[in-house]
Amino acid sequence: MEEQRVNDKMFSGMVGGVLFFRVQPAGLLSKFRLFAAYGEAPDYTNVRQSNELIIHPGFNLNISRHLNIEIDPNMQRLSYGGRPTFTTYLLGTTLVYHFNKNVFLRSIFQ
């Protein structure tokens, strides 16, 4: 159970669960991870207790010996009374090209 104050209102007794999983296989897919959370959370805009769902998978792809791509999507949803009040989807992508073991070029897109 968690307790949190928003403005002058105290939210207590909030419950939820978290799942985290990560595996690092060999080959093209070099890393896969999943973070998921569901539970009660404060709605800061409307100052009320709501339900929150977070799904945050991610994976790394080794395209070649020199090129690595990391894809990092993120979804967060806040709902009250069964109706969504806030939803966000973010996608982060990182491209890394290794010229040799000391020199590389990194691009981050969001």
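Here, the structure is the one placed above.
The sections below set out a description of the structure shown in this document. Here the structure is a predicted model, which means the values were calculated and not measured.

## A short note on the overall build of the protein
The helix and strand tally for the protein stands at 0 helices and 8 strands. The order of α-helices and β-strands along the protein, N terminus first, is β-β-β-β-β-β-β-β. Counting the 110 residues in the protein, one finds 23% classified as buried. Just so you have it, the protein exposes about 7,900 Å², and 56% of that area is on carbon and sulfur atoms.

## Quick look at the sheet that holds strand S3 (residues 16-23)
Taken together, the 6 strands give an open sheet; going across it, the order is S3-S4-S5-S6-S7-S8, and neighbouring strands pair in antiparallel fashion. At either margin of the open sheet sits one strand with a lone partner, and together these are S3 and strand S8 (104-109). Between one strand axis and the next, the sheet turns through 10° on average, direction left out of account. Pairing between S3 and strand S4 (residues 29-43): 8 bridges, direction antiparallel. Residue Val23 lies in a different strand from S4, and its bridge partner there is Phe32.

## Some points on the pairing of strand S7 (residues 83-98)
Two strands pair when backbone bridges link them, and strand S6 (residues 67-80) and S7 are joined in this way by 14 bridges, in the antiparallel orientation. By the bridge assignment, Asn68 is partnered in S7 with Val96. The antiparallel hairpin formed by S6 and S7 contains 2 residues in its connecting segment, where Gly81 sits at a positive phi of about 65°. Alignment of S7 against S8, held across 6 bridges, turns out to be antiparallel. Paired with His98 across the two strands is Phe104, which belongs to S8. The hairpin turn running from S7 into S8, its antiparallel successor, is 5 residues long.

Conventions we followed
- Residues numbered from 1 in each chain as written.
- Predicted model: local features only at pLDDT ≥ 70, side-chain atom pairs only at ≥ 80, totals over all residues.
- Heavy atoms only, no water.
- Helix = DSSP H or I, 4+ residues; strand = E, 2+ residues; numbered from the N terminus.
- Buried < 20%, exposed > 50% of the residue type's maximum accessible area, 1.4 Å probe, protein only.
- Areas by Shrake-Rupley, 256 points an atom, 1.4 Å probe, with all protein chains shown as cover.
- Pairing = 2+ DSSP bridges.
- Axes fitted to C-alpha atoms, helices over the stretch in contact; angles between N-to-C directions.

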